[in-house]
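# Structural overview for review
Now for the letters of each chain:
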Amino acid sequence: MRATVFTDYDLLETEGTPGSFMYAGRGHGQDTMIMRCPGCGSISALPLTDQGDRFPKWSKSGADELPTLSPSVFHTKDKGGCGWHGFLQEGIWKSI
Ligand SMILES: [Zn+2]
């Protein structure tokens, strides 16, 4: 599934399809990736910088429009998610 990048949160919320994402942070930074779950479309925030011990952290590589994230993304059911689990690799979501 193609991951389409947005630059505006309102557009991500109203027009983003599952797998769409945007970057957020101070001064157009990339502290966080806000993404719509490829499985259910709900919005989640993935920290890309250290935001304290209580939060997990992903590392992003590659071009901003075709990012790769590590580790995998897991919308866990025990936290109310849909159970989708997969990777974002070069701008493509791949479920596992
Ligand atoms: Zn989901």
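The preceding data block contains the structure.
Since the structure is predicted, the reported quantities are computational estimates derived from the model, not experimental observations.

Procedures and definitions
- Residues numbered from 1 in each chain as written.
- Predicted model: local features only at pLDDT ≥ 70, side-chain atom pairs only at ≥ 80, totals over all residues.
- Pairing = 2+ DSSP bridges.
- Helix = DSSP H or I, 4+ residues; strand = E, 2+ residues; numbered from the N terminus.
- Core = buried A, V, L, I, M, F, W, Y, C linked by C-beta atoms within 7 Å.
- Buried ≥ 20, exposed ≤ 12 C-beta atoms within 10 Å, placed from the backbone.
- Contact = placed C-beta atoms within 7 Å.

## A short note on the sheet that holds strand β4 (residues 43–47)
- Taken in spatial order, the four strands line up as β1-β2-β3-β4 in an open sheet, and their pairing is mixed. A strand with exactly one partner marks an edge of an open sheet, and here the two such strands are β1 (5–6) and β4.
- Sheet topology note: the strand β2 (residues 21–24)/strand β3 (residues 32–36) ladder contains four bridges and is antiparallel. By the bridge assignment for β3, F21 is matched with M35.

## Thoughts on the nonpolar core
- Membership of the largest hydrophobic core is limited to 11 residues, which are A3, L12, F21, M22, M33, M35, L48, L69, V73, L88 and W93.
- L12 has contacts with F6, S20, M22 and I34, leaving out every residue within four places of it along the chain.

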